[in-house]
Amino acid sequence: MGLDQKCEAAKVTPDEFAIRSDEYVIWVRTLPFACSLHRVAVDGTIWEMRAVRFRPQGGEWLRTGQAEVVETGTGKLALQLTAEDGTSIATEISLDSSLVRVDLRAEVEGAAWLAVDLCAAPDEHYLGFGERFDSLDQRGKAVDLWVEDGAQAGLTYAPVPFYLSSAGYGLHIDTDLRCVARMATPDDPGVVSIRNSAASLGLNIIPGATPKEILSGYTAIAGRPEVPPEWVFGPWKSRDWQTADQAGIGEDVEVQHDLGLPATVKLLDARWEVAYHTFDFDPVKFPQPQVMIDHVQAHGSRLVVWISPWMAVDNEDDPNDAYYECAERGYLIKNPAGEVYVHRLGNNPMLVGSCIDFTNPEAVAWWQDQIQRLAALGVSGINTDFGEQVPEDAVFYDGRTGGEMRNVFPRLYNEITYEALQATQPAVLLARSGWHGSQGLSAIWAGDQTSDFAHASGLRTAIVAGISAGLSGFPYWSSDIGGYFGTPSDEVYQRWTQFGAFSPIMMIHGAGRREPWTFSEQTLDLYRRYAQLHTDLFPYIYTYASEASRTGLPIMRAMPLEYPEEPESWADLAEHQYLFGQELLVAPVYYGFSRTRLVFLPEGLWRDFWTGERLPGGRVIRHRADVDQMPVFARAGAILPMLDPSPDTLLPAIQDGVRTAGNDLRLDLYSGANGRFRLYDGTEFAWDEAAQTLTISGSPVERQLSVRRVGVDSGRWSSALSGDRELPVERGSLNGGGEYGRVT
């Protein structure tokens, strides 16, 4: 076609224009209007917009029929679309290397909604849209992109206006307003309709050769988080907020130590203050907070405290002078009459108050002072709960309405808190709510599930939430072991513990009894083993945490992210299993009264994580899943680094008897193919299957390495190479495992 390779827009026929880069070409037809994206070297359409529509306030949807090109330029076209009633919609389409941008604006007063209709192929799948609790694939659903206090069906605390299509593109809907995405719904299965509640709409279309490339492209726009401090990836322990006090915190620390339960974070849940929010410890429950914090740290743990972005008034007869002080200073949101907006704050209808107005600079300064006051006491992180309660008719200091702020509010809340904490130490936030742009600020957790195997609200929904959060740019994620509402059975607690151990952050949390030592001996023993495994896997987890910060790729990876070419990766079975990093495939058991699990193994050779049993891939298997062992698989050639010996904490400790982490490692090698692993500190391990040799290079520190081939009676290791130097091999790991060979 001879189009300019410098992304110049060119007229191809009287009704067709093209914008071309080295990799992609956009075709625009003016009569009737259509726009499509293609790869230069490959036949087929990646993405196609076939209609633009708008709806006036109180009116019906009106469709544009034709377009007129009003300007061409470097990499862009400006058009004027005309609707059925003559209304003009100004449109600009541009291509910058591999990012397509579409901007539309209805040039009419009172346009309430603007929409684009995209083509949906019969076998196309749509993943993402934030932390989802119903399913991974959102095909057939009307997705309401609206921050809600809910974790069931289509409700979510952390929606994200982005999806990843199996057709080879991602779509970022560039809006902060309420948006509805109708994803090939049953009444219109050939159409994806993106509908924004404004007279304008922006789209970023991100094509890519792989889902990983697409997701990385989106996170470059949304923002990627800093790597959290190492201690974040040790086990967390909370206590029922209704009964937690200083004695209970002390019991947690002491009992975990006495029972040999690894722990690195103590989370202090709600009601540690006199009222929401004085930012002062309740002197009755916590008479010596500094002593308590010092005690926690002496055992090798850090304290994270709960907070919410509102002030409660007259809650449970608490007068809460802090609320009235904030109200008088203008720190709280207003109602349309200009008064402080008193509204419901949570599940309890008696809990009322008002949200902090984070658009008021003075309110921001006050809030950040309180956060830094906690940090000065020794608080190491903030659990930023809630953020979903903004009424639509609220009025903010900067003039925006609650409707305009509803989705933005969680991001602002976490950003301001993050900045305050970051000024004192590496900031650690564990948030519940979020939106586009929140990804670079905090880890998130799944909020409030029921403590059971309920399909719509229990463990299954947490699994889907973790995987979908990763697909939406949140790599650091957790859920409440045992669920939040209700009392879990031993089996529920056991299965959730297993899933928690293979989550980026492992956390005990919930309303009611959650202490492992209050369940059966079998449950206590299982928790101890899995919490130790999670702690031991720190070098592996932290390697992928570091990669997430660089690339935006999650630690928990949906099957299509790693194996997009396999149809089974996109099927229903695969939405309840995931890759933990690249080397491990995890299949949590999310139902009761059964001891088997169907698992899809992708092409290639796999090995049972626990036994090393060889399992050919490219098939669905029925695998044994006894209550004490979750199905986990390692790909052949996997090299898994673990701490050696097993520590109690990832932090220094001054308490006698607390085992701390060092630099020495155990390597579990799953042979059957060549393998390579690059540790977060630059150390590289390479396994040569033919030569049966492990090569170690690039270690920045002196360390001992203990190596075993899982499931293989390899006898005594004969050699190990460090660069060109052959190292002697001794029997046994620092943990005492005789099946290991150790090199220094």
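Small disclaimer: the values here were computed from a predicted structure and weren't measured.

Details of the overall build of the chain
And then number 1: Counting its regular elements, the chain contains twelve helices and 47 strands.
And then number 2: Here the chain has a C-alpha radius of gyration of 27 Å; the compact-globule value for 744 residues is 27 Å, and the two agree.
And then number 3: Dimensions of the chain along its principal axes, counting C-alpha atoms only, are 80 × 70 × 50 Å.
And then number 4: Considering the chain as a whole, with its 744 residues, one finds that 62% of them fall into the buried category.
And then number 5: Considering only residue pairs separated by 6 or more positions, the chain has 66% of its internal contacts joining residues 24 or more positions apart.
And then number 6: Carbon and sulfur atoms make up 48% of the accessible area of the chain, which totals about 26,300 Å².
And then number 7: Charged side chains in the chain number 61 positive and 101 negative. The centres of these two groups are separated by 5 Å.

Examining the packing of aromatic side chains
And then number 1: Going through the model one piece at a time under the given rule, you end up with 43 aromatic pairs.
And then number 2: Members of the aromatic cluster, joined through ring pairs, are Phe 502, Tyr 530, Tyr 540, Tyr 544, Phe 580, Phe 609, Trp 610, Tyr 670 and Phe 677.
And then number 3: The cationic tip of Arg 53 hangs over the ring face of Trp 61; the distance from NZ or CZ to the ring centre is 4.9 Å.
And then number 4: A cation over a ring is seen here: Arg 513 above Phe 519, with NZ or CZ 4.2 Å from the ring centre.

Considerations on the environment of Asn 735
And then number 1: Among the structural elements, Asn 735 can be located in the loop between β46 (730-731) and β47 (741-743).
And then number 2: Between the C-alpha atom of Asn 735 and that of Val 70, which follows or precedes it by 665 residues, the distance is 72 Å.
And then number 3: Apart from the residues within four sequence positions on either side, Asn 735 is in contact with Asp 644, Pro 645, Ser 646 and Arg 666.
And then number 4: Looking at Asn 735, its side chain comes within polar contact range of the side chain of Ser 646, at 2.8 Å.

A few points about the environment of Pro 645
And then number 1: Tracing the backbone shows Pro 645 in the loop between β38 (638-643) and β39 (665-670).
And then number 2: Since its relative accessible area comes to 40%, Pro 645 is described here as partly exposed.
And then number 3: When the C-alpha atoms of Pro 645 and Asp 608 are compared, they prove to be 23 Å apart, with 37 residues separating the residues in sequence.
And then number 4: Beyond its immediate chain neighbours, meaning those up to four positions away, Pro 645 contacts Leu 734 and Asn 735.

Looking at the environment of Thr 450
And then number 1: Mapping Thr 450 onto the fold places it in the loop between β26 (443-445) and α8 (459-471).
And then number 2: With 60 residues separating them in the primary sequence, Thr 450 and Gly 510 have C-alpha atoms 9.6 Å apart.
And then number 3: Ignoring anything within four residues of it in the chain, the contact list for Thr 450 reads Ser 457, Gly 458, Gly 483, Phe 485 and Trp 496.
And then number 4: In this structure the side chain of Thr 450 is engaged in a polar contact, spanning 2.7 Å, whose partner is the side chain of Asp 452.
And then number 5: Among the polar contacts listed, one links the side chain of Thr 450 to the side chain of Ser 457, at a separation of 2.8 Å.

Details of helix α5 (residues 361-377)
And then number 1: Between its first and last C-alpha atoms α5 spans 25 Å; for 17 residues at 1.5 Å apiece the expected length is 24 Å, and the two agree.
And then number 2: Buried residues along α5 sit against β20 (302-307), β21 (310-312), α4 (321-329), β24 (379-384) and α7 (408-422).
And then number 3: Among the residues of α5, the N-terminal cap falls to Asn 360, whose side-chain oxygen and the backbone nitrogen of Glu 362 are separated by 2.9 Å.

Details of the sheet that holds β46
And then number 1: Here we have five strands laid out as an open sheet, ordered β38-β39-β43-β47-β46, and mixed in their pairing. Two strands lie at the open edges of the sheet, namely β38 and β46, each paired on one side alone.
And then number 2: Here six bridges tie β38 to β39, and the two strands are oriented antiparallel to one another. Among the inter-strand pairings, Leu 643 is bridged to a residue of β39, identified as Leu 665.
And then number 3: Together, β38 and β39 form the strand contacts of helix α10 (residues 521-536), whose direction differs from that of β38 by roughly 105°.
And then number 4: Strands in contact with helix α11 (residues 538-551) are β38 and β39; relative to β38, the strand with the most contacts, it is inclined by about 110°.

Notes on the nonpolar core
And then number 1: Among the nonpolar cores identified, the biggest contains 106 residues, and Phe 233, Trp 236, Phe 499, Phe 502, Phe 580, Leu 584 and Phe 685 are the most heavily contacted of them.
And then number 2: In terms of residue count, the dominant contributor to this core is α8 (eight residues).
And then number 3: Here Phe 499 is in contact with Leu 459, Ala 462, Ile 463, Trp 477, Ser 479, Met 556, Tyr 578, Pro 588 and Met 630, once residues within four sequence places are set aside.
And then number 4: Judged by nonpolar contacts, the second largest core, of 57 residues, contains Ala 270, Ile 293, Ala 363 and Tyr 413.

Topic: the sheet that holds β21
And then number 1: With antiparallel pairing, three strands are arranged side by side in an open sheet as β21-β23-β22. Both outer strands of the open sheet, β21 and β22 (343-344), are each paired with one neighbouring strand and no more.
And then number 2: In terms of strand pairing, β21 meets strand β23 (residues 352-355) through three bridges, oriented antiparallel. Looking across to β23, one finds that Ala 312 is bridged to Gly 353.
And then number 3: Running over the sheet, α4 touches β21 and β23 and is turned about 125° from β21.

Details of unusual backbone geometry
Trans is the prevailing form of peptide bonds, just as negative phi is the prevailing case for residues other than glycine.
And then number 1: For the peptide bond that leads from Tyr 276 to His 277, omega is 0°, which places it in the cis range.
And then number 2: Here His 277 shows up in the loop between β19 (265-268) and α3 (289-298).
And then number 3: Of note, the amide linkage connecting Asp 644 to Pro 645 takes the cis form, showing an omega dihedral of 0°.
And then number 4: Even without being glycine, Ala 184 reaches a positive phi, approximately 50°.
And then number 5: Here Ala 184 is to be found in the loop between β15 (179-183) and β16 (191-196).
And then number 6: The exposure class assigned to Ala 184 is buried, which follows from its relative accessible area of 5%.
And then number 7: One non-glycine residue, Phe 279, lies in the positive phi region at around 65°.
And then number 8: Among the structural elements, Phe 279 can be located in the loop between β19 and α3.

Considerations on the side chain of Asn 360
And then number 1: Tracing the chain through its elements places Asn 360 in the loop between β23 and α5.
And then number 2: Judged by relative accessible area, which is 4%, Asn 360 ranks as buried.
And then number 3: Within polar-contact distance, the side chain of Asn 360 engages the backbone nitrogen of Glu 362 at 2.9 Å.
And then number 4: Among residues more than four places away in sequence, those in contact with Asn 360 are Gly 330, Tyr 331 and Tyr 397.

So, the confidence of the model for the chain
And then number 1: Put simply, the chain has an average pLDDT of 94, and 97% of its residues get 70 or more.
And then number 2: Contacts of residues 1-5 to residues separated by more than four positions or lying in other chains number ten contacts, the stretch itself having pLDDT below 50.

Comments concerning α3
And then number 1: Listed as buried for α3 are Pro 289, Met 292, Ile 293, Val 296 and Ala 298.
And then number 2: Check the buried side of α3 and you find it contacts α2 (246-258), β19, β20, α5 and β24.
And then number 3: Gly 300 sits one or two positions beyond α3 and adopts a positive phi of about 80°.

Brief notes about the packing of α8 against helix α9 (residues 490-501)
And then number 1: The N-to-C vectors of α8 and α9 enclose an angle of 10°; their axes lie 11 Å apart at closest approach. As far as their axial angle goes, α9 and α8 are roughly parallel. Residues Leu 459, Ala 462 and Ile 463 of α8 pack against Arg 495, Trp 496 and Phe 499 of α9.
And then number 2: Its residues assigned to classes, the contact of α8 with α9 shows five nonpolar, no polar and one charged.

A closer look at the pattern of salt bridges
And then number 1: Per the stated rule, a full pass over the model turns up 39 salt bridges.
And then number 2: Residues Asp 176 and Arg 411 are paired through a salt bridge, measuring 3.4 Å at the closest nitrogen-oxygen approach. Taken as a pair, Asp 176 in the loop between β14 (169-173) and β15 and Arg 411 in helix α7 lie far apart in primary sequence, 235 residues in all.
And then number 3: The exposure class assigned to Asp 176 is partly exposed, which follows from its relative accessible area of 29%.
And then number 4: Close ionic contact of Arg 708 with Glu 739 constitutes a salt bridge, the shortest N to O distance being 3.2 Å. Residue Arg 708 is found in strand β43 (residues 705-709), and its partner Glu 739 is found in the loop between β46 and β47; the two are separated by 31 residues along the sequence.

Parameters and conventions
Residues numbered from 1 in each chain as written. Predicted model: local features only at pLDDT ≥ 70, side-chain atom pairs only at ≥ 80, totals over all residues. Heavy atoms only, no water. Helix = DSSP H or I, 4+ residues; strand = E, 2+ residues; numbered from the N terminus. Rg over C-alpha atoms; globule rule 2.2 N^0.38 Å. Buried < 20%, exposed > 50% of the residue type's maximum accessible area, 1.4 Å probe, protein only. Contact = heavy atoms within 4.5 Å. Areas by Shrake-Rupley, 256 points an atom, 1.4 Å probe, with all protein chains shown as cover. Lys, Arg positive; Asp, Glu negative; His and termini not counted. Charge placed at Lys NZ, Arg CZ, Asp CG, Glu CD. Phe/Tyr/Trp six-rings, centres within 6.5 Å; stacked < 30°, edge-to-face > 60°. Lys NZ or Arg CZ within 6 Å of the ring centre and 35° of its normal. Polar contact = N/O pair within 3.5 Å; in protein donor to acceptor, adjacent residues only side chain to side chain. Expected span 1.5 Å × (residues − 1). Pairing = 2+ DSSP bridges. Axes fitted to C-alpha atoms, helices over the stretch in contact; angles between N-to-C directions. Core = buried A, V, L, I, M, F, W, Y, C linked by side-chain atoms within 4.5 Å. pLDDT = per-residue confidence, 0-100. Parallel < 35°, antiparallel > 145°, perpendicular 65-115°, else oblique. Nonpolar A, V, L, I, M, F, W, Y, C, P; charged D, E, K, R; others polar. Salt bridge = Lys/Arg side-chain N within 4 Å of Asp/Glu carboxyl O.

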